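Read off the chains here:
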Amino acid sequence: MELKTTPFTETHIALGAKMAEFAGFNMPIQYPTGINQEHMIVREGVGVFDVSHMGEFWIKGEHALDLIQYITTNDASKLEAGKAQYTCMPNGKGGIVDDMIVYKYSSTKYLLVVNAGNIDKDWAWVNKNNKFGAQLENASDQYGQLAVQGPKATEMLQKLTDADLSAIPYYSFREWSFAGVQGVILSNTGYTGAGGFELYFKKEYGKQIWDALFEVGKEYGLAPIGLGARDSLRLEKWFCLYGHDIDDTTSPLEAGLGWITKFDAKDFIDKEFLMKQKAEGVQRKLVHFECKERAIPRNGYEICDAEGNVIGHVTSGIMLPNTKVGIGMGYVQTAFAKKTTIIYVKIREKLIPAEIC
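A quick note: this is a predicted structure, and the numbers were derived from the prediction, not measured. (Residues numbered from 1 in each chain as written. Predicted model: local features only at pLDDT ≥ 70, side-chain atom pairs only at ≥ 80, totals over all residues. Heavy atoms only, no water.)

Enquirer: Looking at this model, I keep getting lost on the overall build of the chain. Mind explaining?
Expert: Assigned secondary structure in the chain consists of eight helices and 19 strands. Radius of gyration (C-alpha) of the chain: 21 Å, near the 21 Å computed for a compact globule of 357 residues. With the C-alpha coordinates of the chain rotated into their principal frame, the extents come out at 65 × 50 × 45 Å. For the chain, with 357 residues in total, the buried portion stands at 56%. Taking the contacts inside the chain whose residues are at least 6 apart along the sequence as the reference set, 64% of them involve residues at least 24 apart. Only carbon and sulfur atoms are counted for the fraction: they give 49% of the accessible area of the chain, which is about 15600 Å². (Helix = DSSP H or I, 4+ residues; strand = E, 2+ residues; numbered from the N terminus. Rg over C-alpha atoms; globule rule 2.2 N^0.38 Å. Buried < 20%, exposed > 50% of the residue type's maximum accessible area, 1.4 Å probe, protein only. Contact = heavy atoms within 4.5 Å. Areas by Shrake-Rupley, 256 points an atom, 1.4 Å probe, with all protein chains shown as cover.)

Enquirer: I'm lost on the environment of Asn299 in this one. Help?
Expert: Considering the arrangement of structural elements, one finds Asn299 in the loop between β14 (284-291) and β15 (302-304). A sequence separation of 227 residues divides Asn299 from Thr72, and the C-alpha atoms of the two residues are 27 Å apart. Apart from the residues within four sequence positions on either side, Asn299 is in contact with His244, Val314 and Thr315. Looking at Asn299, its side chain comes within polar contact range of the side chain of His244, at 3.5 Å. Among the polar contacts made by the side chain of Asn299, one reaches the main-chain carbonyl oxygen of Thr315 at a distance of 2.7 Å. (Polar contact = N/O pair within 3.5 Å; in protein donor to acceptor, adjacent residues only side chain to side chain.)

Enquirer: How should I be thinking about the sheet that holds strand β18 (residues 342-347) in this particular structure?
Expert: Backbone hydrogen bonds hold the strands of a sheet together, and the pairing may be parallel or antiparallel. The six strands are arranged β14-β17-β16-β15-β18-β19 in a closed barrel whose pairing can be described as antiparallel. Here the strands of the sheet are splayed against their neighbours by 45° on average, with no regard to which way each runs. Sheet topology places strand β16 (residues 310-319) next to strand β17 (residues 326-333); seven bridges connect them, and they run antiparallel. By the bridge assignment for β17, Met319 is matched with Gly326. Sitting on the sheet, helix α7 (residues 227-236) touches β16 and β17, and the angle it makes with β16 is about 125°. (Pairing = 2+ DSSP bridges. Axes fitted to C-alpha atoms, helices over the stretch in contact; angles between N-to-C directions.)

Enquirer: Can you walk me through the packing of aromatic side chains in this structure?
Expert: For any pair of aromatic rings, the description rests on two quantities: the centre-to-centre distance and the angle between the ring planes. The full count for this structure, using the stated rule, is 13 aromatic pairs. When the ring of Trp58 is compared with that of Tyr105, the centres are 5.2 Å apart and the planes differ by 65°; the resulting orientation is edge-to-face. Of the two residues, Trp58 sits in strand β4 (residues 55-60) while Tyr105 sits in strand β6 (residues 96-106), which places them 47 residues apart along the sequence. By relative accessible area, which is 6% here, Trp58 ends up buried. Assessed through its relative accessible area of 18%, Tyr105 is described here as buried. A centroid spacing of 5.1 Å and a plane angle of 55° characterise the contact between Tyr105 and Phe173, whose relative ring orientation is tilted. Placement of the pair is Tyr105 in strand β6 and Phe173 in strand β10 (residues 173-178), with a sequence separation of 68 residues. (Phe/Tyr/Trp six-rings, centres within 6.5 Å; stacked < 30°, edge-to-face > 60°.)

Enquirer: Help me understand the side chain of Thr189, please; the structure alone is not making it clear to me.
Expert: Locating Thr189 in the fold gives a position in the loop between β11 (181-187) and β12 (196-202). Only 2.5 Å separates the side chain of Thr189 from the side chain of Glu198, close enough to count as a polar contact. Other than its neighbours up to four places away in sequence, Thr189 contacts Ile101, Tyr103, Gln149, Tyr170, Tyr171, Gly196, Phe197 and Glu198.

Enquirer: So what exactly am I meant to see when it comes to the sheet that holds strand β8 (residues 135-138) here?
Expert: Pairing in this open sheet of five strands is antiparallel, and the strands run β5-β6-β7-β4-β8 from one edge to the other. Pairing within the sheet leaves two strands with one partner each, and these edge strands are β5 (84-90) and β8. Taken pair by pair, the neighbouring strands of this sheet meet at an average axis angle of 25°, ignoring direction. Bridging between β4 and β8 involves four bridges; their strand directions are antiparallel. Bridging across to β8, Phe57 finds its partner in Asn138.

By themselves, these are just geometric observations and shouldn't be taken as functional.
See the structure below:
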């Protein structure tokens, strides 16, 4: 199967990026600088990620909100125009179709930004459950997206727009002129916890925006960042990754997403199931942990108790570039999910102690 490309694929290759398949796209995993260096650039300065593989769905019409409320767990009725919200879609069987961000333009216009690997599945699910007659458009092939992240990101980006970026709070957005391109979505969101904005634009303007960023970015040390560092940065901030920490078999409550599951606000898919699960208590929970010895916990590794009994499994793990501490996420039996509990990650038949944090 031929891999999909983004407006920046050739640029990544020219920059010497290590390319690999991700969600059907040919994506940069790391540049010659390496993942550790890229991680620190974003934490201390500013980096740019090509995330044009993400999906974008427009939900429009007088029943747009009705559809969104039904298919998602969070309460989108609380959104004001210009605000965004993290949410997820239950799959009707207690699992999660996908997690996503909902952007509200108006009472009749919303944008859903979904994970790249789930675009086709999500689109089918939204259409299947559109009993309200909302107007749907899959615009995923029309848009490019760059995530400009780091403590210097906002100051750097401000040089390319007359929109007051400091007046756009976290999880808010504006559609404005940027780098001479009209109608760019400037979203104060990101997947790194380092601050910055995500930029959405029509694909044909990708090169113009990329070139403008790197021209003004010279004085800030702007660097391209690959998906490897994106993964380490999100893990350092305990952000879930679909397909690893959440999927069609994990419920929002098991995954610690009760805070985006609003039972009192509305009816939605799986509401009764999740209310019952909340009342009875979940049997397993997603936890975050730090290894007490030098080790890298990897997806699929068993998590055990002190006697070596299997109590769960690792879903994501890395060694942090700055501290050289192994951290991870994983599901464990609820009895072992409390903070400061010592669990053991089984690595090559050795039990490595780790503390839930």
